[in-house]
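Examining the three-dimensional arrangement
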Amino acid sequence: MSLDNRADELIFFVNGRKVIEKNADPEQTLLFYLRKKLYLTGTKYGCGGGGCGACTVMISRYDHLTQKIQHFSAVSCLVPVCMLHGMAVTTVEGVGSTKSQIHPVQERIAKAHGSQCGFCTPGMVMSMYTLLRNNPEPSTEELLEALSGNLCRCTGYRPIIAGYKTFCKDSCCLKKDGDCCMNKVNNSSLSSDQITEGTCTELFKANEFMPLDSTQELIFPPELILMAQQQEKRKMFFSGERITWISPVHLEELLELKANYPKAPLVAGNTNVGPDMKFKGVFHPVIISPTRVQALNSISQTEKGMSFGSACTLSFVKDILQEALLKIPRQEAKAFQVLFQQLKSLGGKQIRNMASLGGNIISASPTSDLNPILAASKCNLNVSSKDGTRQIALNEDFFLGYGKTSMKPNEVLVSIDVPNSEKWEFISAFRQAPRQDNAFAVVNAGMRVVFKEESNIISQCNIFYGGTGPTTVGARKTCQQLIGRTWDEDMLSTACRLILDEISLPATAPGGMVEFRRTLIISFFFKFYLQVLQELKQMGVPDDKIPQNYLSATEDFPQGSIESKQIFQDISWNQSAQDLLGHPLMHQSAIKQATGEAMYCDDIRSMDGELHLVMVTSTRPHASIVSIDKMEALKMPGVVTIVTADDVPGSNVMPYLQDETVFAENKVTCVGEIICAVVAETVTQAKRAARAMKITYHDLKPVIITPEDAIEKQSFYSARRKLERGNVDEAFKTADHVFEGHMHVGGQEHFYLETQSVIVIPKGEDKEMDVYVTSQHPRFAQESVALVMGTHCNKIMCHVKRVGGAFGGKIIKPGKLASITAVAAYKTGRPVRCVLERGDDMLITGGRQPFLGKYKVGFMNDGRIISADVIYYSNAGNTLDESDLVIEKAILQADNAYSIPNFRCAGFVCKTNLPSNTAFRGFGVPEGLLITEYLVNEVAMRSGIPPEKIREMNMYKEKHIKLFKQEYNPNLLLRSWEECLEKSSFYQQKAAIAEFNNQNRWRKRGIAIIPLSYGVGFPYGFLNQAAALIHIYKDGSVLVTHGGIEMGQGIHTKMMQIVSRELKIPLSYIHISDTSTKTVPNTIESAASFATDVNGMAVKAACRTLRERLDPIISENPKKSWEEWVDEAFMKRISLSATGYFRGWNTYMDWEKSEGFPYTYYMHGACCSVVEIDCLTGGHRNLRTDIIIDAGIPLNPAVDIGQIEGAFTQGVGLYTMEELKYSPEGVLFTRGPAQYKIPAPSDVPQKFNVYLLSGSKNPKALYSSKGLGEPVLFLGCSVFYAIMDAIAAARKDSGITGHFTLYSPATCERIRMACVDQFTQQIPRDKPDSYVPWSVLV
């Protein structure tokens, strides 16, 4: 059968407006269509794989059978535009705007301070909006479920949840006094003196929010209802350049199509085929969409069970199951209950709304959460073809391999039959993932057992696993041998041995974590064993008595509403009402960010003749380039040119970075190094051509990947840095105890939601260019482009409106990307746009340096540490970048809060064949201080003295000299520590945890309290300068420009507050447009928590200059208005424009003399965290966190608390879940949110309290404030050490005490394997040198 050449019109609505697309391209996603065809840029590109939620929209459709309108959230990056016929799409622009009226869902996230960089905000808005369209008064559980598919890197989620909880029916908000329930102070948990006069607990006023009015929502287009009711249903065709999309209506049509195109995939939700086509390059010339075939979309119930159409979405299945469970007798509903529970955590809400049940089965994915349950439950598949129908048992024979099943190519899965359970049948499902929500399981399982009536004798058994092979696997032999056995400990022991023999994982298995996965296999069975024992007991069957402390092993982690409080200092009683410094003001762009009107780099409209650039990177870690074959790529449609080092008109070496080239020349030194770039008319054409590039290599030796490799080969960038206090070696001789150890701290991906983006517009003469770039450091980007172009900086103007998250990753790297794009723009004479795909961004731009710390420590019997020798090895990658500054800062801060009299710290920067790592929030301090705390913790474990006592006794107690001979006053450190002990009820909690641990063998809780002393700013004076330019226009409005970059930290908001105070004018008069090298030259990077300090000083200086000019006029006419004073100044020819300059403090560091004054001031804090771990799976839940921060007098408490919560959450990610995985050859495996997990909403502590230390002042900084965006990240390690505390309790139950090794991050794998027990000891172990591991520790 030949394809029908005609193409149907695609008709759908967007924000109430009809769209008729005559040439719908099946390869085009809704995200692309919205952004590039309809110019609705509020919907953001974050990852392209459905894993971040930034592109969330609401899709609505009319069901003509139920005559109901259905609303569901979806990730538009996975929705083929062809799928939308007859549907209505609502984007963030359609919800509300500043031009008309904002919607309550936009208002509340903004005013509750839930939008910082703002890039994730439209997606959050759309997820919540969809929930409210379906349920105007949701529960908190439904709220958290709605947001489970959305990621935020800035806020830590707490303020987002707080704002949206005001909609919930179980919230007190808007019902009593208007104070948000998440801001309520729970006095029962506080001592009487904790709420003191002059403190505030309210960051926003919920009673001022607009009410939700469902009558004001966009109506579903009546035309679409008529289409659904009246239009004849017929098969539809959409043909693109390469692919034809066919959408049949009847099952017969579908079977005919499958007979004619047996290789064509059936696409219902595109959550499997779409990512394969995008990320793996899979190509399908024909795609069949069965979503309109009723037979595949129906659900029915019979006496034997339920039948689910294969195209039913997972959300639809879940909702139907929820209703059915209320009606079906419990003993018949066991399979349905387990399936329902598993669906609650499968993917994010948006994915469940799109993905189909049949697609999940047919994909035969090794990590499918549903297939093990369905197989264990003895489900049957109903399949059809033109040849007839048949029923297939869903078991191990159905799954043939990765992506392969026993179905014939021409067969279609029509429905899935799930049988009712029986009285003596028990079914359970298990999964363990790197993150609780929206994460593929490491291992999952479905288990079923049937007993002879009134007994515990096994008559049937089914055990299936995912994550242990290329597809779902069954333990058939084991199950056969268990039949007839009694359900007791002997059976358990036999079953574990048999399962391990049958489900065999080779040491080199893809995905790694082999010993962990082996352990989970039998740990899950033990959980099943306990669950069944409990149920048998309830049914009156005598059995082995279950120890009482085993029972919690079968329970889920405690789930509850997130409670929080934020306590900060009130403004002074005599502060002017117009003076808004110190008030918790909303981020000045928050409303625009919530409506999608805030502009980011890639939101700038395409210009005439604009081209697109895609990088071509190395696939070898260390090799010479033999040849670059461009021929095939240049022949491809739309390709304009390919730029290489030969096209660079100036220098191919980056400024200041003499070891880093713009393009690789002659050789490459890492996988991911940029060799050349393809420039084409469209980004799709550029990507295809990039894949067609052929580069020939000759591999070179050595290949250095790990710090241990670098130590062996002595591969370092420069001489080591070192600081020393006292006589370390002599002190070791007098110590009661001396030990040595080491600690690995993993790296971290920045995972800013906005990937690196740049647009370069050549001006046509003198090599002038406008560069729009997502940079924290526009001057460096300017200098980089100028150097590469062989021109001066006065020809290159860099502009930054705002940045969608940065965290240090957009300081150096954007300069290189801008330079490459500039070369392309120069060569073609046309504007060029480069927006990195998420995977390319993660591969190319590096991240936080992994650290290896080696230490030797001497301590006394009473716990006093008298000597410590620490060496840091940082893995810098293939170029130095800022890694020398990173290791310096780590060494400068190495002592943290501890007055160790004899302390030596040295650091080496390892040169390896990994992509170059760069600056990251904290700049090496989070890695270095974790090692310091690790050795302090080890002293506690070895001495038997509680860790908090060891920390306290070794803390600075009085004025002292730091390692670099600067005087240090610890008063605020000690106050922070004492208040944290008090506010957290530390000792009461510790006692309660001890009691809990005594009562629970397989669940343990832990607690840790960590101090922080952090020097703020740069240790080199020239980096502390800043400038500003302020214009007062004749109408009285004020335009402010300064050198800082707005990237979510609220710097523009604070600058406006400063201007408001200094000029004594309302905020409404003040505007900040962007940051540009055209207006403020020679800017310094916005980093090190210092941007507000220095730029604020410059803005303040400019304001005072202007105020001095205006004061005589104001004094003469004090009763006139601001506008009149400005007008009079103009008439008197007084300049209404002023620059402000701040020279900065005279910080310095002399490494030769080991002395200096690197920091103007210190920020202090302390943090207490409580966790609960599952000793059998390694999962953990953050139960409570209390943070005390010495913030000085905050310029804006809402912004500062937002920075604290966001930094802490990013630290929790660093220390507990974010794991970069590299192959032994240096290939990065974790290249997107599917593989790399940052914290999600479910990772917020259930009780999350932040206190700003009262009475703290900082005379050395702006209005006595302090920078705190970076330091608090380190306090996330309180969760790490709480986990260690819980693990120690588990090990104690196994008879193991003393120190144990736990590397960072404390992933579920590391937690489980540290909880040594009979199961970890039972698994087979592979000798480390007997195989090549899948990944290595870098």
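Placed above this text is the structure.
These remarks concern the structure in this document. Nothing here was measured: the structure is a model prediction, and the numbers come from that model. (Residues numbered from 1 in each chain as written. Predicted model: local features only at pLDDT ≥ 70, side-chain atom pairs only at ≥ 80, totals over all residues. Heavy atoms only, no water.)

1. Some thoughts on the sheet that holds strand β47 (residues 1161-1174)
In a beta sheet, neighbouring strands pair by backbone hydrogen bonds and run either parallel or antiparallel. Cut-off, in case you're wondering: The criterion for strand pairing is that DSSP finds at least two bridges linking the strands in question. Strands are runs of DSSP state E lasting at least two residues, helices are runs of H or I lasting at least four, and both sets are numbered from the N terminus onward. Residues are treated as being in contact if the distance between any of their heavy atoms lies within 4.5 Å. Angles here are taken between N-to-C directions and fall from 0 to 180 degrees, while the axes themselves are lines fitted to C-alpha atoms, restricted in helices to the stretch in contact.
Within the open sheet, the six strands sit side by side as β6-β21-β49-β48-β47-β39. Their pairing is mixed. Every other strand in the sheet has two partners, leaving β6 (199-200) and β39 (1003-1016) as the edge strands with one partner each. Those strands touched by helix α30 (residues 986-999) are β39, β47 and β48 (1180-1189), and its axis lies near 150 degrees from that of β39.

2. Considering the packing of helix α16 (residues 489-502) against helix α17 (residues 514-538)
Selection criterion: In what follows, roughly perpendicular refers to angles from 65 to 115 degrees, roughly parallel to angles under 35, roughly antiparallel to angles over 145, and oblique to any angle outside these ranges. What makes a crossing left-handed is the near helix being turned counterclockwise from the far one by less than a right angle; a clockwise turn instead makes it right-handed. Gly counts as polar in this scheme, as do all residues outside two lists: the nonpolar Ala, Val, Leu, Ile, Met, Phe, Trp, Tyr, Cys and Pro, and the charged Asp, Glu, Lys and Arg.
Viewed as axis vectors pointing N to C, α16 and α17 meet at an angle of 155 degrees, and their least axial separation amounts to 10 Å. Regarding the angle of α16 to α17, the classification is roughly antiparallel. The two elements α16 and α17 meet at a crossing, and its hand is right-handed. Judged by residue contacts, Glu489, Met491, Leu492, Ala495, Cys496, Ile499 and Leu500 of α16 engage Arg518, Ile521, Ile522, Phe525, Phe526 and Tyr529 from α17. Its residues assigned to classes, the contact of α16 with α17 shows 11 nonpolar, no polar and two charged.

3. Things to note about helix α23 (residues 778-789)
Cut-off, in case you're wondering: Expected span of a helix: the number of residues minus one, times 1.5 Å. Working definition: with a 1.4 Å probe on protein chains only, accessible area under 20% of the residue-type maximum means buried, over 50% means exposed, and in between means partly exposed.
With 12 residues, α23 ought to run about 16 Å at 1.5 Å a step, and its terminal C-alpha atoms sit 16 Å apart, in line with that. Taken across its 12 residues, α23 has 11 buried, putting it largely inside the fold. Residues of α23 that are buried include every one of Pro778, Arg779, Phe780, Ala781, Gln782, Glu783, Ser784, Val785, Ala786, Val788 and Met789, and no others. If you follow the buried residues of α23, they end up packed against β31 (769-773), β32 (796-800), α24 (813-828) and β43 (1075-1076).

4. A short note on the pattern of salt bridges
Stated precisely, the cut-off is as follows: The working definition used for a salt bridge is a side-chain nitrogen of Lys or Arg within 4 Å of a carboxyl oxygen of Asp or Glu.
Applying the stated criterion to the full structure yields 71 salt bridges. A salt bridge links glutamate 145 to arginine 352, with the nearest nitrogen and oxygen atoms 3.1 Å apart. Taken as a pair, glutamate 145 in helix α5 (residues 140-146) and arginine 352 in helix α12 (residues 349-354) lie far apart in primary sequence, 207 residues in all. The same class applies to glutamate 145 as to arginine 352, namely buried. Put simply, glutamate 1062 and arginine 1104 hold a salt bridge, and the shortest N to O gap is 2.8 Å. Taken together, the positions of glutamate 1062 in helix α31 (residues 1051-1063) and arginine 1104 in helix α32 (residues 1091-1116) put the pair 42 residues apart, joining distant regions of the chain.

5. As for unusual backbone geometry
For the peptide bond that leads from lysine 701 to proline 702, omega is 0 degrees, which places it in the cis range. Of note, proline 702 is situated in the loop between β27 (694-699) and α21 (707-713). Following serine 1304, the chain continues into proline 1305 via a peptide bond in cis, with omega recorded as 5 degrees. Considering the arrangement of structural elements, one finds proline 1305 in the loop between α35 (1277-1293) and α36 (1308-1314). A positive phi angle, near 55 degrees, is found at glutamine 714, a position not held by glycine. Inspection of the secondary structure puts glutamine 714 in the loop between α21 and β28 (721-725).

6. Describing the layout of surface pockets
Going by this rule: Here a cavity is any set of points on a 1 Å grid over the protein atoms alone where a 1.4 Å probe fits but cannot get out, and a pocket is any open set with protein on both sides within 12 Å along at least 5 of 7 lines; a residue lines the site when it has an atom within 4 Å of a point. Grid points are joined across faces, edges and corners, and a volume is the space filled by probe spheres set on the points.
In this structure, the second largest pocket encloses a volume near 1200 Å³. What lines the second largest pocket is a set of 37 residues, among which Tyr1303, Glu1309, Arg1310, Ser1335 and Leu1337 lie closest to the centre. Ranked by residues supplied to the lining of the second largest pocket, first place goes to α36 with four residues. Among the residues forming the lining of the second largest pocket, the class breakdown is 22 nonpolar, seven polar and eight charged.

7. Observations regarding the nonpolar core
Convention followed: Only buried Ala, Val, Leu, Ile, Met, Phe, Trp, Tyr and Cys residues count toward a nonpolar core, and they belong to the same one when joined by side-chain atoms within 4.5 Å.
In this structure, Trp487, Phe525 and Phe1280 are the most contacted members of the largest nonpolar core, which totals 311 residues. Broken down by element, the residue count for this core peaks at 13 residues, all from α17. Setting aside chain neighbours within four positions, we find phenylalanine 525 in contact with Met447, Ile463, Tyr465, Leu482, Trp487, Met491, Leu492, Ala495, Cys496 and Ile499. Listed in part, the 74 residues of the second largest apolar core include Val81, Ile351, Ile392 and Phe399.

8. Considerations on the packing of helix α27 (residues 925-943) against α35
Relative orientation of the contacting elements α27 and α35 amounts to 25 degrees, with a least axis distance of 12 Å. Between α27 and α35, the angle is such that the two are roughly parallel. Of the two elements, α27 crosses α35, and the hand of that crossing is right-handed. Residue-level inspection shows Leu930, Glu933, Tyr934, Asn937 and Met941 of α27 in contact with α35, the latter providing Cys1277, Phe1280, Tyr1281 and Met1284. Of the residues assigned to the contact of α27 with α35, the class counts are seven nonpolar, one polar and one charged.

9. Structural notes on the packing of aromatic side chains
Stated formally: Between the rings of Phe, Tyr and Trp (Trp by its six-membered ring), a pair exists once the centres lie within 6.5 Å; its type follows the angle of the planes, with under 30 degrees stacked, over 60 edge-to-face, and the other angles tilted. Charges are assigned to positions over rings by a cutoff of 6 Å between ring centre and Lys NZ or Arg CZ, combined with an angular limit of 35 degrees from the ring normal.
Applying the stated rule across the entire model yields 38 aromatic pairs. Ring centres of tryptophan 487 and phenylalanine 528 lie 5.7 Å apart, and the angle between their planes is 85 degrees; on these two criteria the pair is classed as edge-to-face. Separated by 41 residues along the polypeptide, tryptophan 487 in the loop between α15 (476-482) and α16 and phenylalanine 528 in helix α17 bring together distant segments of the chain. We classify tryptophan 487 as buried; its relative accessible area is 0%. One residue, arginine 605, lies across the ring of tyrosine 39, its end atom 3.8 Å from the ring centre. Lying over the aromatic face of phenylalanine 732, lysine 856 brings its terminal NZ or CZ to 4.6 Å of the ring centre.

10. Notes on the sheet that holds strand β41 (residues 1038-1042)
In spatial order, the strands read β42-β41-β40-β44; together these four strands make up an open sheet with mixed pairing. Looking along the sheet, the strands with just one partner apiece sit at the ends: β42 (1070-1072) and β44 (1137-1142). The mean inter-strand angle of the sheet, taken between neighbouring strand axes irrespective of direction, is 20 degrees. One ladder, built from three bridges, connects β41 with β42; its direction is parallel. Across the sheet, valine 1040 pairs through a bridge with isoleucine 1072, a residue of β42.

11. Description of empty space enclosed by the protein
Under the criterion given, the structure shown has eight cavities of 30 Å³ or more. Counted as a void, the largest cavity has a volume near 450 Å³. As for the largest cavity, its lining consists of 28 residues, of which Met1047, Gln1049, Ser1089, Gln1203 and Gly1269 are closest to the centre. Of all the secondary-structure elements, those providing two or more residues to the lining of the largest cavity are α32 and α34 (1197-1216). Top contributing element to the lining of the largest cavity by residue count: α32, with three residues. Split into classes, the residues belonging to the lining of the largest cavity amount to 10 nonpolar, 12 polar and six charged. Approximately 110 Å³ is the volume attributed to the second largest cavity. In terms of lining, the second largest cavity is formed by Leu885, Glu888, Lys889, Leu892, Phe923, Phe1018, Pro1019, Tyr1020, Leu1023, Ala1087 and Ala1088. Taken together, the residues that form the lining of the second largest cavity break down as nine nonpolar, no polar and two charged.

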